[in-house]
Amino acid sequence: LYHLNHIGEIMPVYNKKTYSDFSADDDYDIVDIYSNFNEIQLSFALNTKLKWQLKRLSDFGFDDDKGQTNRFALYHFAYEDLTNIYLIKPIQAQAAILSTCYLILHGVVRPDFKEKLIAEMHAIQGIFTATVINLNLLGTSTKRNPLIMQLTNLLYHMESHLLDLRQKEKKERRINELRTF
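Residues numbered from 1 in each chain as written. Predicted model: local features only at pLDDT ≥ 70, side-chain atom pairs only at ≥ 80, totals over all residues. Heavy atoms only, no water.

### With respect to the overall build of the protein
Thinking step 1. In terms of regular secondary structure, the protein is built from three helices and nine strands.
Thinking step 2. Secondary structure elements of the protein occur, N-terminal to C-terminal, as β-β-β-α-β-β-β-β-β-α-β-α.
Thinking step 3. For the protein, with 181 residues in total, the buried portion stands at 36%.
Thinking step 4. Contacts in the protein between residues far apart in sequence, at least 24 positions, make up 56% of those at least 6 positions apart.
Thinking step 5. Of the roughly 11,800 Å² of accessible surface on the protein, a fraction of 53% belongs to carbon and sulfur atoms. (Helix = DSSP H or I, 4+ residues; strand = E, 2+ residues; numbered from the N terminus. Buried < 20%, exposed > 50% of the residue type's maximum accessible area, 1.4 Å probe, protein only. Contact = heavy atoms within 4.5 Å. Areas by Shrake-Rupley, 256 points an atom, 1.4 Å probe, with all protein chains shown as cover.)

### Let's talk about helix α1 (residues 39–50)
Thinking step 1. In this model, α1 (12 residues) spans 16 Å end to end at C-alpha, consistent with the 16 Å of a helix rising 1.5 Å per residue.
Thinking step 2. Inspection of α1 places Glu39, Leu42, Ser43, Ala45, Leu46, Asn47 and Leu50 among the buried residues, and these make up the whole buried set.
Thinking step 3. Where α1 starts, the residue carrying a side-chain oxygen 2.9 Å from the main-chain nitrogen of Ile40 turns out to be Asn38.
Thinking step 4. The first or second residue beyond α1 is Lys51, which carries a positive phi of 60°. (Expected span 1.5 Å × (residues − 1). Polar contact = N/O pair within 3.5 Å; in protein donor to acceptor, adjacent residues only side chain to side chain.)

### Structural notes on a positive patch on the surface
Thinking step 1. A contiguous patch of positive charge on the surface is contributed by Arg166, Lys170, Lys171 and Arg174.
Thinking step 2. Inspection of the secondary structure assignment puts Arg166 in helix α3 (residues 146–180). (Patch = residues over 30% accessible without salt bridge, like charges linked within 9 Å, V, L, I, M, F, W, Y side chains within 5 Å. Salt bridge = Lys/Arg side-chain N within 4 Å of Asp/Glu carboxyl O. Lys, Arg positive; Asp, Glu negative; His and termini not counted. Charge placed at Lys NZ, Arg CZ, Asp CG, Glu CD.)

### Some details on the layout of surface pockets
Thinking step 1. Considering only enclosed or pocket space, the second largest pocket measures out at about 410 Å³ in volume.
Thinking step 2. As for the second largest pocket, its lining consists of 17 residues, and the residues nearest its centre are Phe62, Asp64, Asn70, Phe72 and Gln150.
Thinking step 3. If one sorts the elements of the lining of the second largest pocket by residue count, α3 sits on top with five residues. (1 Å grid on protein atoms, 1.4 Å probe; cavity = no way out; pocket = protein on both sides within 12 Å on 5 of 7 lines; lining within 4 Å. Points joined across faces, edges and corners; volume = space filled by probe spheres on them.)

### As for unusual backbone geometry
Thinking step 1. With phi around 60°, Lys51 is a residue other than glycine that occupies positive phi space.
Thinking step 2. When you line up the elements, Lys51 lands in the loop between α1 and β4 (55–56).

### So, α3
Thinking step 1. Counted at 1.5 Å a residue, the expected span for α3 with its 35 residues is 51 Å, and the 51 Å between its end C-alpha atoms agrees.
Thinking step 2. Inspection of α3 places Ile148, Leu151, Thr152, Asn153, Leu154, Leu155, Tyr156, Met158, Ser160, His161, Leu162 and Leu163 among the buried residues, and these make up the whole buried set.
Thinking step 3. Tucked inside the fold, the buried residues of α3 contact β3 (28–35), β5 (60–63), β6 (69–79), β7 (83–91), β8 (99–107) and β9 (127–133).

### Details of the pattern of salt bridges
Thinking step 1. Under the counting rule described, the total for this entry stands at eight salt bridges.
Thinking step 2. The salt bridge partner of Glu39 is Arg56, with a shortest N-O separation of 3.5 Å. Of this pair, Glu39 sits in helix α1 while Arg56 sits in strand β4, and the two are 17 residues apart along the sequence.
Thinking step 3. Classification of Glu39 by relative accessible area gives buried; the value is 16%.
Thinking step 4. Owing to a relative accessible area of 37%, Arg56 belongs among the partly exposed residues under this scheme.
Thinking step 5. Here Glu120 ties to Lys49 by a salt bridge, and the two come within 3.7 Å at their closest N and O atoms. Highlighted residues: Glu120 in helix α2 (residues 111–122) and Lys49 in helix α1, separated in sequence by 71 residues.

The analysis is restricted to geometry; functional conclusions fall outside its scope.
Here you go:
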């Protein structure tokens, strides 16, 4: 993988996992949410009910096997400094009446947290189902289970996007520091 640096030179990207090195292991817990909310309504409902502060980050996207670009809205909330919570919702050209989105829990998650989270989410009018997807129970072969491939691909591109955002933030901070001198 390569990127353009600040003067237009092509540079290799370090610290970025390649897709073949990436695995959606025990660091991720995924909640599949089926609702009639758009991403703004859903983030507002979760923030209100759960006392969170999900904030919108920039959207990200990637091309699938068929060459179609998939775009996703991305929200983030840092929970108790040990868990990052991401809300990912597909951005569709045609608005669907009902759609699936994913709540990604990354980091340290207490076992009782997921149970309480699911119960609280079921109490939100407009959320029809909220189910934890256990990638370990789905099997390890992506050829046997296309859902694993889809979710692994989504997580990989989300992490890649987050790394890009962090690098951009660091660069902007450095530029601002230089301007103060």
